[in-house]
Structure formats: C-alpha cells, structure tokens
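The lines below spell out each chain.
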Amino acid sequence: MMSRTPSAMQQLLTTIHTNIPFDQLDEARVCSGQCIGCPKKLLEYLEQEVQWWQQSLDAGEVPKLGDIEKLSRSSQKIYRVLQKNQIL
C-alpha cells in the first residue's frame, strides 16, 4: 500500500502558502505597533518549516502523521497570532 502522507503534507504546505503570503509581508507591516507575540519571528519560523518540508518531500522523504499534525497545529496558532496583530 502506498503512503498518502506525502500528498497530505503537500496539500498542507499549499494551504499554508495560500493563507499566509510570506512574500507579501514586509517587515514594516509586520513590526508596526504593539505586538501580541512576535509575528516576525513566528513568520520566520513557519516559513523555515514550510521550506524544510518542501525540500524533504522533493527529496522523497515520507512524513509521519504526527509531522503533519504538528505543522498543522503550529500554522493554525501562528495564523491566529497574525490575525490578532491585524497582519492578515
């Protein structure tokens, strides 16, 4: 039986890129006013995770369900922080 986790991870990565436009968020916009959490650091972390997983998938790595769950949870939390800071 073929593993479906690579396609699930790819769908998650696509969803993250669709909902969090990393390339359109400049530092002045991210670091303006009083912050709840540090959106800049959270965005950097999430972008790094997304890039790492994309490279891993491209290299043929098969993620575990826990890997998908962890990235999904992290991205949802970061998305909420960005909303609270009125960045998204």
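Residues numbered from 1 in each chain as written. Predicted model: local features only at pLDDT ≥ 70, side-chain atom pairs only at ≥ 80, totals over all residues. Heavy atoms only, no water.

**Remarks on the nonpolar core**
Move 1: The biggest cluster of nonpolar side chains holds 16 residues, and the ones touching the most others in it are Met9, Leu13, Ile16, Leu46 and Leu71.
Move 2: Elements represented by at least two residues in this core include exactly α1 (5-19), α3 (39-58) and α4 (65-84).
Move 3: Broken down by element, the residue count for this core peaks at five residues, all from α3.
Move 4: Excluding residues within four positions of it along the chain, Leu71 makes contact with Met9, Leu12, Leu13, Ile16, Leu46, Glu49 and Trp53. (Core = buried A, V, L, I, M, F, W, Y, C linked by side-chain atoms within 4.5 Å. Buried < 20%, exposed > 50% of the residue type's maximum accessible area, 1.4 Å probe, protein only. Helix = DSSP H or I, 4+ residues; strand = E, 2+ residues; numbered from the N terminus. Contact = heavy atoms within 4.5 Å.)

**Things to note about the pattern of salt bridges**
Pairs may arise between side chains of opposite charge once their charged atoms sit close together.
Move 1: Enumeration over the complete set of coordinates arrives at two salt bridges.
Move 2: Here Glu69 makes a salt bridge to Arg73, at a shortest N to O gap of 3.3 Å. A residue pair is termed a helical-turn pair when its members lie 3 or 4 positions apart in one helix, as Glu69 and Arg73 do in helix α4 at four residues.
Move 3: With relative accessibility at 44%, the residue Glu69 sits in the partly exposed group. (Salt bridge = Lys/Arg side-chain N within 4 Å of Asp/Glu carboxyl O.)

**Topic: the confidence of the model for the protein**
Move 1: Averaged over the protein, the pLDDT score is 86; the fraction of residues at 70 or greater is 85%.
Move 2: Here helix α2 (residues 27-30) stands out as the least confident element of the protein, with mean pLDDT 62; α1 is the most confident, with 94. (pLDDT = per-residue confidence, 0-100.)

**What about α1?**
Move 1: In this model, α1 (15 residues) spans 21 Å end to end at C-alpha, consistent with the 21 Å of a helix rising 1.5 Å per residue.
Move 2: Among all positions of α1, only Thr5, Met9, Leu12, Leu13 and Ile16 are buried. All buried residues of α1 fall inside an arc of 100° around its axis, so they share one side. Exposed positions of α1 whose direction lies more than 90 degrees from the buried face are Gln11 and Thr18.
Move 3: Contacts from the buried residues of α1 go to α3 and α4. (Expected span 1.5 Å × (residues − 1). Arc of directions from axis to C-beta.)

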